[in-house]
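A closer look at the structure
Here are the chains, one letter per residue:
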Amino acid sequence: MAAHEEDRRVQEAVRRYVRTSAFAEAEKVISFVLSNPQVRQAREQVEAAEAQLGMELCARLQPFQDRYDQGGARR
């Protein structure tokens, strides 16, 4: 029984090591990809487009927000 328990603990330790190693390797790859100038430029373009669309949506949705706010004040 003790040998079985020891085997289980070793297997769990190996799983933890493999998982930790895989995450560390993934972080390295992700950092490498994100540091690429083309990826950074694409990210900046996406963020700019998101900001622009956010402002446009805010302007379009503001009347609805105002009506919602006024409806809550009547209660």
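Structure report, in brief. Quantities reported herein were computed from a predicted structural model and do not represent experimental measurements.

Examining the overall build of the protein
Secondary structure assignment for the protein yields two helices and zero strands. For 75 residues, the compact-globule estimate of 2.2 N^0.38 gives 11 Å, and the C-alpha radius of gyration of the protein, at 26 Å, exceeds that figure by more than 25%. With respect to the principal axes defined by its C-alpha atoms, the protein has extents near 70 × 45 × 10 Å. Expressed as a percentage of the 75 residues in the protein, the buried residues total 0%. Of the roughly 7100 Å² of accessible surface on the protein, a fraction of 60% belongs to carbon and sulfur atoms.

Remarks on the pattern of salt bridges
Enumeration over the complete set of coordinates arrives at three salt bridges. The closest approach of N and O atoms between R8 and E5, which form a salt bridge, is 2.4 Å. Here R8 pairs with E5, and both are found in helix α1 (residues 2–34), just three residues apart, close to one helical turn. Among the residues examined, E5 registers a relative accessible area of 33% and is labelled partly exposed. E6 is the salt-bridge partner of R9, the closest N and O atoms lying 3.5 Å from each other. Residue R9 and its partner E6 are both found in helix α1; the two are separated by three residues, about one turn of the helix. Several salt bridges converge on common partners, so that one network encompasses E5, R8 and E12.

Notes on the environment of G54
In this fold, G54 is placed in helix α2 (residues 37–74). Separated by 16 residues in the primary sequence, G54 and Q38 have C-alpha atoms spaced 24 Å apart.

Focus: a nonpolar patch on the surface
On the surface, V10, V14, Y17 and V18 cluster together into a nonpolar patch covering about 400 Å² of accessible area. Position of V18 among the secondary structure elements: in helix α1.

Focus on the environment of H4
Mapped onto the elements, H4 comes out in helix α1. What makes H4 exposed here is its relative accessible area of 54%. Sequence-wise, H4 and E25 are 21 residues apart; in three dimensions their C-alpha atoms are separated by 31 Å.

Reading the values: the criteria
Residues numbered from 1 in each chain as written. Predicted model: local features only at pLDDT ≥ 70, side-chain atom pairs only at ≥ 80, totals over all residues. Heavy atoms only, no water. Helix = DSSP H or I, 4+ residues; strand = E, 2+ residues; numbered from the N terminus. Rg over C-alpha atoms; globule rule 2.2 N^0.38 Å. Buried < 20%, exposed > 50% of the residue type's maximum accessible area, 1.4 Å probe, protein only. Areas by Shrake-Rupley, 256 points an atom, 1.4 Å probe, with all protein chains shown as cover. Salt bridge = Lys/Arg side-chain N within 4 Å of Asp/Glu carboxyl O. Patch = residues over 30% accessible without salt bridge, like charges linked within 9 Å, V, L, I, M, F, W, Y side chains within 5 Å.

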